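# Overview (structure and organization)
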Amino acid sequence: MLQIESVSKHYSTKILLSGASAHLRPNSRVGLVGPNGAGKTTLFRMILGEESPDKGTIRKRPRLRVGYLPQELETITGKNVLDATHRDLYPEHEAERILMGLGFSEIDFTREVEKLSGGYRMRVALAHLLLSNPDVLMLDEPTNHLDKPTQRWFEQFLLDSNMTLLIISHDTAFLDRVVTHIWDLRHHKIEEYRGNYTSFQKLRAERDAQREAAAGRQAKEVARVQTFVDRFRYQANKASQVQSRIKQLEKVKMIEIKRDPKRVKFRFPTPAPSGRQVLELQGVAKSYGEKIIYRSLDFSVERGQRIALVGENGAGKSTLLKMLAGALAFEKGKRTVGHGVTLHYFAQHQAETLNPEHSILESLEEVSKHAEMNFLRGIAGAFLFSGQDQKKPIKALSGGERNRVALARMLVEPANTLLLDEPTNHLDPSSVDVLTDAMTEFQGTLVFISHDPTFLSRIATRVVEIEDGRARDFMGDYEYYLWKKAQELDSIKETQEELNGKAQAKGSGPTKAMVGQVQPQPKESACERRDLNKTQARLEKQVSRAEAEIAELESKVQARQTELADPALYKEFAKWNALQQEQDGWKRDLERLTARWEGLSAELEEVKQKLGALK
């Protein structure tokens, strides 16, 4: 279907590809992975014919229809959502089905595309591509702006289609669920692997280990032969054997072990601490035209909190972050910034604001005229830009590299409060790991938006769900939030089943006693009291269950501690290590359970207070 044959490509002194080959087979779903700047988007452009290889060829089947969703979209003007989706195509009903799957409502169909957010403009372009049903669909970071329900629909659509896919994505969970093959762009070559991303990681590690072992064996054999040559080189009776071994050494093709770049670690600079109250919004109202986002929002941030804003696209997460940052005005209400608060705000499209003509170092220098060049070089190096790469212009960087520059600019001047909108977008997994490590060690306050579940799980200590203009607090980590939502869903199902059971028990018609009678309606306070009593009973059951689980885990940890203290066990390191790791897992579970119990207990106390007020 598509054949890449010995392709080489370089820019100035930077080599992207050197003799790279790969074969895209029909009905395969391929994830193209590799570090930022390795040449993934450039390879896409060569497949599309927008750029040419320096050497080698890219062969395509005759009349092959290729669809492409780039990172940076063309601006569509003068069209509404529906017209832009089925432009040049005719199946309007299918266009409506795809748009609704991607999170649009019928009201949105008539909205002008140019007035949509970047995320929704991307969905319009994606809907048009899906509707055109190409033979090969090439997607560059397609999930960056999709919320969870939309992403689930999108994934199922791809799995159900017959399209051959070539996808650049740093969302490893998405790759795990969708792809059948991985192309790893590494050391200027393309290495092909069968399976999803997790399978690829395992296979690559095994392949690397085999190469290292083979290189080690070869090095030992070469050293043995060389020792013979050096020892007997000047002995006449060994001349023929020495010459034979010299020729043997000349024919050996040494196995070359190429190392991946070392993972760099950095820390956010330690700023002066702020007061306890960092940011507060009181009675804030915000709307865009006729669309009301918030009517009267109260929201506060305290020092040291790491708050994740979650919710569906369009709920108002980015709007809230902008208002907290002071970057967006609102119609009503008050914003208060606490004592000693210093702010850095990273917008969703922050990388687009960089001057394309400036170099990386010049871009960092813009932020502070007082910083020394060695200091700026150190920051650039922490974000994986070293040597001559630091002088590259912004316009020559990939999307991920530009995001790294935008993040690096936040380190030049320290701040004790960071407001981040999708900071991991376009970053490869290793860069995400570096950023996540730095965030977990950051001593200040953090409010962020992310669709990356791993980033959310490792960073958040408080989750706020934005829905219908309200901000609902979950005082725990992201796993507690997910558990809480699952419990609520179970509770709704149980309540529905109870209601269905009662309805069936009562039968379909009224009793004789009810005929001709008007049943009195319960008072609002009585209904509220009944609901609160039910909620209290449910919460008491959940608190009791959490306490029992905590007690059980604490008992297991204590018993294991005694077991690990046995000196005889130290002689069996493998067994001791396995037991220790299992105990570490129990301790993490205990922390999560304790956070869950605290949240449930606080909620139960709140319900009891409301019940007391009704009496």
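Residues numbered from 1 in each chain as written. Predicted model: local features only at pLDDT ≥ 70, side-chain atom pairs only at ≥ 80, totals over all residues. Heavy atoms only, no water.

Our focus in this paragraph is the sheet that holds strand S12 (residues 306–310). Across the sheet, which stays open at both edges, the 6 strands sit in the order S14-S15-S16-S12-S17-S18 with mixed pairing between neighbours. Looking along the sheet, the strands with just one partner apiece sit at the ends: strand S14 (343–346) and strand S18 (470–474). The mean inter-strand angle of the sheet, taken between neighbouring strand axes irrespective of direction, is 15°. With 4 bridges connecting them, S14 and strand S15 (residues 417–421) associate as parallel partners. Opposite Leu343, over in S15, you have Thr417 as the bridge partner. Across the face of the sheet, helix H9 (residues 317–325) comes into contact with S12, S14, S15, strand S16 (445–449) and strand S17 (462–467) while running at roughly 150° to S15. (Pairing = 2+ DSSP bridges. Helix = DSSP H or I, 4+ residues; strand = E, 2+ residues; numbered from the N terminus. Axes fitted to C-alpha atoms, helices over the stretch in contact; angles between N-to-C directions. Contact = heavy atoms within 4.5 Å.)

Here a ring pair, both rings aromatic, is described through the centre-centre distance and the interplanar angle of the planes. Summed over all chains, the structure comprises 11 aromatic pairs. Ring centres of Trp153 and Phe157 lie 5.2 Å apart, and the angle between their planes is 35°; this geometry places the pair in the tilted category. Taken together, the residues span about one helical turn, with Trp153 and Phe157 both in helix H5 (residues 148–160) at a distance of 4 residues. Aromatic ring contacts, followed pair by pair, group Tyr193, Tyr197 and Phe200 into a single cluster. If you follow Arg123 out to its NZ or CZ, it ends over the ring of Tyr120, 4.5 Å from the centre. Over the ring of Phe385 we find Arg404; its NZ or CZ atom is 4.6 Å from the centre of that ring. (Phe/Tyr/Trp six-rings, centres within 6.5 Å; stacked < 30°, edge-to-face > 60°. Lys NZ or Arg CZ within 6 Å of the ring centre and 35° of its normal.)

Moving on, we come to the confidence of the model for the chain. Averaged over every residue, the pLDDT of the chain is 83; residues scoring 70 or more account for 91%. For residues 508–523, every residue scores under 50 in pLDDT, and the model assigns this stretch 2 contacts once sequence neighbours within four places are set aside. (pLDDT = per-residue confidence, 0-100.)

The next point concerns the packing of helix H3 (residues 92–101) against H5. Running from N to C, H3 and H5 cross one another at 130°; their axes reach a closest spacing of 9 Å. What the angle tells us is that H3 and H5 run oblique. Contacts between H3 and H5 involve Arg97, Ile98 and Gly101 on the former and, on the latter, Thr150, Trp153 and Phe157. In terms of residue class, the contact of H3 with H5 is made up of 3 nonpolar, 2 polar and 1 charged. (Parallel < 35°, antiparallel > 145°, perpendicular 65-115°, else oblique. Nonpolar A, V, L, I, M, F, W, Y, C, P; charged D, E, K, R; others polar.)

Next up on the list: the pairing of strand S8 (residues 181–186). In terms of burial, S8 is largely enclosed, as 6 of its 6 residues are buried. Residue alternation in S8 divides its side chains into two sets, His181, Trp183 and Leu185 and Ile182, Asp184 and Arg186, and both sets are buried. Here 4 bridges tie strand S3 (residues 29–33) to S8, and the two strands are oriented parallel to one another. When the bridges of S8 are listed, Leu32 appears paired with Trp183. Of the strand pairs in this sheet, S8 and strand S9 (residues 189–194) are connected by 6 bridges, and their pairing is antiparallel. Bridged to Ile182 within S9 is Tyr193. (Buried < 20%, exposed > 50% of the residue type's maximum accessible area, 1.4 Å probe, protein only.)

Further remarks concern the sheet that holds S3. Spatially, 6 strands are ordered S5-S6-S7-S3-S8-S9 in an open sheet, and the strand pairing comes out mixed. What marks the edges here is a single partner per strand, and that holds for strand S5 (66–69) and S9. Between one strand axis and the next, the sheet turns by 20° as a mean value, whatever way the strands run. Together, S3, strand S6 (136–140) and strand S7 (164–168) form the strand contacts of H5, whose direction differs from that of S6 by roughly 155°.

The next thing to look at is the side chain of Thr164. Note that Thr164 resides in strand S7. Thr164 gets classed as buried once you look at its relative accessible area, which sits at 1%. Apart from the residues within four sequence positions on either side, Thr164 is in contact with Met1, Leu24, Arg25, Pro26, Asn27, Ser28, Asp135, Val136 and Leu137.

Further remarks concern the nonpolar core. Most often, soluble globular proteins have nonpolar side chains that are buried together. Counting residues in each nonpolar core, the largest one holds 53 residues, and the members touching the most others are Phe266, Phe268, Phe383, Leu420, Leu435, Met439 and Phe448. Sorting elements by how many residues they give to this core places helix H12 (residues 399–412) first, with 7 residues. Setting aside residues no more than four positions away along its own chain, Phe266 makes contact with Ala382, Phe383, Leu411, Val434, Leu435 and Ala438. Of all hydrophobic cores here, the second largest spans 40 residues; its members include Met122, Leu131, Phe154 and Tyr193. (Core = buried A, V, L, I, M, F, W, Y, C linked by side-chain atoms within 4.5 Å.)

Turning our eyes to something else, we now look at the pairing of S6. Most of S6 is tucked away, with 5 of its 5 residues classed as buried. Taking every second residue as pointing to the same face, both faces of S6 are buried, with Val136, Met138 and Asp140 on one and Leu137 and Leu139 on the other. Sheet topology places S5 next to S6; 4 bridges connect them, and they run parallel. Residue pairing in the sheet places Val66 in a bridge with Val136 of S6. Both S6 and S7 contribute to a ladder of 5 bridges, which runs parallel. What sits directly across from Met138, in S7, is Leu166. On the question of chirality, the crossover connecting S6 to the parallel S7 by way of H5 is right-handed. (Right-handed = clockwise from strand over helix to strand, strands pointing away.)

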